[in-house]
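A closer look at the structure
Spelled out from the first residue to the last, the chains are:
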Amino acid sequence: VKYREPTDENPYIMINSHYHEDNYEIYFLLEGERYYFLKDRTYHLKQGDLVIIPKNIIHKSSHVKTHKHKRILVQFKESYLTGIAQKDSEVDLLACFKSEKKVLRLDYKEQEFVKNLFNKLLYEQTKKQVGWQLYNKVSLAELLLYINRVILKHANNEFDHPNSLYEKVSEIVKYLNDNFAEN
């Protein structure tokens, strides 16, 4: 679990787009606004938005008006969940990473629930009391289960492009991704 609070004096700037070969990532914007490029489009994130980033998907965050924002994120390998939920179980905890919906605009109650789970993860990782690793595995499983439920609940909600320029760039990037092997 990583928590970072950038400021204008000491901004956290993601200079390059990147991807994680082995890690899944969940990004939760606690405060502020960000542009978030994910795969082939840019999203305008606001406080309480949640981003689900699968392995091997290019992504990048950038500022809207100021670098000031608060976010918390979790990165984990699939093997971390071994023993919590098996692939043959009725629930696939990683289904949210396979879904087309990668950005969720949470309502207030959903934001508070997710924030509470992230705070539990952060607290356990910081304090390292007896059983903290198991507690974090269980909390991560609870977070993933909740995200999967929210995706089903918000199935029809769509994000608009920040503006027409971002929409056009997304169309171009999508075309390039779909046709990069062609002449």
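Residues numbered from 1 in each chain as written. Predicted model: local features only at pLDDT ≥ 70, side-chain atom pairs only at ≥ 80, totals over all residues. Heavy atoms only, no water.

Details of helix H2 (residues 108-127)
Formally: Helix and strand definitions follow DSSP, with helices as H or I runs of at least four residues and strands as E runs of at least two, each counted in order from the N terminus. An expected span of 1.5 Å times one less than the residue number is assigned to each helix. Burial status follows relative accessibility: with a 1.4 Å probe on protein chains alone, a residue under 20% of its type maximum counts as buried, one over 50% as exposed, and anything between as partly exposed. Here, the arc refers to the directions that run from the helix axis to the C-beta atoms. Contacts are residue-level and defined by heavy atoms, with any inter-residue pair within 4.5 Å sufficient. Polar contact is defined as a pair of N or O atoms within 3.5 Å, subject to the rule that within protein one atom must be able to donate a hydrogen and the other to accept it, and that residues adjacent in sequence are counted only when both atoms are side-chain atoms.
Look at H2: 28 Å from first C-alpha to last across 20 residues, which is about the 28 Å you get at 1.5 Å a residue. Those residues of H2 that fall on the buried side of the exposure criterion are Glu110, Gln111, Val114, Leu117, Phe118, Leu121 and Glu124. Seen along its axis, H2 keeps its buried residues to an arc of 165°; they face one direction. Turned more than 90 degrees from where H2 packs its buried face, Tyr108, Lys109 and Thr126 sit exposed. Buried positions along H2 lie against strand E2 (23-31), strand E5 (49-53), strand E7 (70-77), strand E8 (103-105) and helix H3 (132-153). Two or three places before Lys109, at the opening of H2, Asp107 has a side-chain oxygen 3.2 Å from that residue's backbone nitrogen.

Overview of the packing of H2 against H3
The cut-off we apply is this: Axis lines are fitted through C-alpha atoms, for helices just across the contact stretch, and the angle between N-to-C directions can take any value from 0 to 180 degrees. Our angle categories are set so that under 35 degrees counts as roughly parallel, over 145 as roughly antiparallel, 65 to 115 as roughly perpendicular, and the remainder as oblique. Put simply, a crossing is left-handed when the front helix is turned counterclockwise from the back one by less than a right angle, and right-handed when it is turned clockwise.
Two elements in contact, H2 and H3, have axes whose closest approach is 9 Å; the angle formed by their N-to-C orientations is 160°. Taken together, H2 and H3 sit at an angle that is classed as roughly antiparallel. For H2 against H3, the interelement crossing comes out left-handed. Only Trp132, Tyr135, Asn136, Ser139, Leu140, Glu142, Leu143, Tyr146, Val150 and Lys153 of H3 make contact with H2, whose side of the interface consists of Glu110, Phe113, Val114, Leu117, Phe118, Lys120, Leu121, Glu124 and Gln125.

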